[in-house]
Amino acid sequence: MKKIAVMGSGGFAREVAFLIEEINKQNQEWELLGFIDRNTEIGSPCGKYKVFQPDDWLGTVDFELHVV
């Protein structure tokens, strides 16, 4: 599965996460890792996903990551 994260953690970002989950119901293509948001505390839950800080996390990713 391709790994993906959603930029932001507000209402629209959560809608995007919902759409990714709906796509996965038809075709298990995406592993949604969580949300990337500079304005939310690291590790804060956002629904069933975690929030990552872009400066701390994106620089350490050692795999192919898709961001939407």
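Shown above is the structure to which this text applies.
Remember, it's a predicted structure, so these values are computed and weren't measured experimentally.

Cut-offs and rules
- Residues numbered from 1 in each chain as written.
- Predicted model: local features only at pLDDT ≥ 70, side-chain atom pairs only at ≥ 80, totals over all residues.
- Heavy atoms only, no water.
- Salt bridge = Lys/Arg side-chain N within 4 Å of Asp/Glu carboxyl O.
- Helix = DSSP H or I, 4+ residues; strand = E, 2+ residues; numbered from the N terminus.
- Buried < 20%, exposed > 50% of the residue type's maximum accessible area, 1.4 Å probe, protein only.
- Core = buried A, V, L, I, M, F, W, Y, C linked by side-chain atoms within 4.5 Å.
- Contact = heavy atoms within 4.5 Å.
- Polar contact = N/O pair within 3.5 Å; in protein donor to acceptor, adjacent residues only side chain to side chain.
- Expected span 1.5 Å × (residues − 1).
- Arc of directions from axis to C-beta.

Participant: Tell me about the pattern of salt bridges, residues and numbers included.
Facilitator: Side chains that carry opposite charge are capable of pairing whenever their charged atoms lie near each other. Following the criterion strictly, the structure yields 4 salt bridges and no others. For the salt bridge of lysine 2 with glutamate 29, the shortest nitrogen-to-oxygen distance reads 2.7 Å. On the criterion of sequence distance, the pair formed by lysine 2 in strand β1 (residues 2-7) and glutamate 29 in the loop between α1 (11-26) and β2 (30-36) is long-range, its members being 27 residues apart. Look at lysine 2 and you get partly exposed, because its relative accessible area is 34%. The closest approach of N and O atoms between glutamate 31 and lysine 3, which form a salt bridge, is 2.9 Å. Taken together, the residues glutamate 31 in strand β2 and lysine 3 in strand β1 connect sequence positions 28 residues apart.

Participant: So, the nonpolar core: which residues are in play, and what are the values?
Facilitator: Core analysis: the largest hydrophobic core is formed by 12 residues, namely Ile4, Val6, Ala13, Val16, Ala17, Ile20, Trp30, Leu32, Phe35, Cys46, Tyr49 and Val51. At the level of secondary structure, the elements contributing two or more residues to this core comprise β1, α1, β2 and β4 (49-52). Considering every element that reaches this core, the biggest residue donor is α1, with 4 residues. Non-local contacts of phenylalanine 35, meaning those with residues more than four positions away in its chain, are made with Val6, Gly8, Ser9, Ala13, Arg14, Ala17, Cys46, Tyr49, Lys50, Val51 and Phe52.

Participant: I'd like to hear about the environment of leucine 65, residue by residue, with values.
Facilitator: Tracing the chain through its elements places leucine 65 in strand β5 (residues 65-67). The contacts of leucine 65, once residues within four sequence positions are left out, are Lys3, Ile4, Ala5, Leu33, Trp57 and Leu58.

Participant: Can you break down the side chain of aspartate 37 residue by residue, with the values?
Facilitator: Topologically, aspartate 37 is positioned in the loop between β2 and β3 (45-46). Here asparagine 39 takes part through its backbone nitrogen, which lies 2.8 Å from a polar atom of the side chain of aspartate 37. Beyond its immediate stretch of four places on either side in the chain, aspartate 37 contacts Gly8, Ser9, Val51, Phe52, Gln53 and Pro54.

Participant: Report on α1, specifying residues and quantitative values.
Facilitator: Between the first and last C-alpha of α1 there are 24 Å, a value that for 16 residues agrees with the 22 Å anticipated at 1.5 Å per step. For α1, the complete set of buried residues consists of Ala13, Val16, Ala17, Ile20 and Asn24. Projection of α1 onto a plane perpendicular to its axis shows the buried side chains occupying an angular sector of 100 degrees, all on one side. Among the exposed residues of α1, those oriented more than 90 degrees off its buried face are Phe12, Lys25 and Gln26. Residues of α1 that are buried sit in contact with β1 and β2.

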